[in-house]
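# Structure assessment
What follows is the residue order along each chain.
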Amino acid sequence: MTVAGRPQSTTTMKAKLPQDYTHVGDLTWQPFPEAFSEGGITWKLLNVSPEVGGWTAMFDCPTGSSFNRHIHMGPGEYFLMSGVMEVQGGEHVGGVTAVAPAYGYEPCNARHDRTYFVEGGQFYMTFLGPLQFINDDGTPIAVISWEEAQGLWAAQNGQSIPG
Ligand code: ZN
């Protein structure tokens, strides 16, 4: 007996990337591009959601690593599981110093000139829109939407995305 409206079996879902359910330990940390970060940050893409233009990832950030200057083109939520992360320079210069365990919300158009790991750690984040990496004068370098994130992750894992 089949249940109406039930999603197709997991075997047919398997070709998709990423999957609806992910055991995080089964994924391999991949380098987050050095065009957008420094200090050896790695990531795991957990999900993309084309219907809302969102994507969800985990990041592993060694002590002293940082993300390059960027703007959140949509809001985002993060959970810092370990470590200490300075957002926009940290609280000593008017930004935020997140000390794990910590939750944070970044509004649409939040600009982060410096996101720096005073103490290495990991965080989980859902981006409801692209991240735009920018030069110091605000001109764009690259826009990372769910599609670019998915393409990068697929390439790093030697997979192709089914059309
Ligand atoms: Zn940011």
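Structural notes, computed from the coordinates. Since we're looking at a predicted model, the values are computed, not measured.

Calculation rules
Residues numbered from 1 in each chain as written. Predicted model: local features only at pLDDT ≥ 70, side-chain atom pairs only at ≥ 80, totals over all residues. Helix = DSSP H or I, 4+ residues; strand = E, 2+ residues; numbered from the N terminus. Buried ≥ 20, exposed ≤ 12 C-beta atoms within 10 Å, placed from the backbone. Contact = placed C-beta atoms within 7 Å. Pairing = 2+ DSSP bridges. Axes fitted to C-alpha atoms, helices over the stretch in contact; angles between N-to-C directions.

### Topic: the overall build of the protein chain
A count of helices and strands for the protein chain gives two helices and 15 strands. Across the 163 residues in the protein chain, those meeting the buried criterion constitute 26%. Long-range pairs, those at least 24 residues apart, make up 68% of the contacts in the protein chain with a sequence separation of at least 6.

### Comments concerning the sheet that holds strand 12 (residues 115–119)
The strands making up a sheet associate through backbone hydrogen bonding, with each pair oriented either parallel or antiparallel. The strand order 2-5-12-8-9 describes an open sheet built from five strands, whose pairing is antiparallel. In the strand order of this sheet, the two ends are held by strand 2 (37–38) and strand 9 (96–99), each with one partner. Pairing analysis gives four bridges linking strand 8 (residues 84–87) to strand 12, with the strands arranged antiparallel. The residue bridging M85 from the neighbouring strand is F117, located in strand 12.

### A few points about the sheet that holds strand 10 (residues 102–106)
The six strands lie next to each other as 1-3-4-13-7-10, forming an open sheet whose pairing is antiparallel. Bordering the open sheet on either side are strand 1 (30–31) and strand 10, each of which pairs with just one other strand. Pairing analysis gives five bridges linking strand 7 (residues 76–80) to strand 13 (residues 121–128), with the strands arranged antiparallel. Pairing of G76 across the sheet is with F127, part of strand 13. Of the strands in this sheet, strand 1, strand 3 (42–49) and strand 4 (54–61) touch helix 2 (residues 146–156), which is tilted by about 130 degrees from strand 3.

### Overview of the environment of I144
Mapped onto the elements of the fold, I144 is located in strand 15 (residues 140–144). C-beta crowding within 10 Å serves as the criterion here: with 19 such atoms nearby, I144 is assigned to the partly exposed category. When the C-alpha atoms of I144 and G129 are compared, they prove to be 8.6 Å apart, with 15 residues separating the residues in sequence. Excluding residues within four positions of it along the chain, I144 makes contact with P130, L131 and A149.

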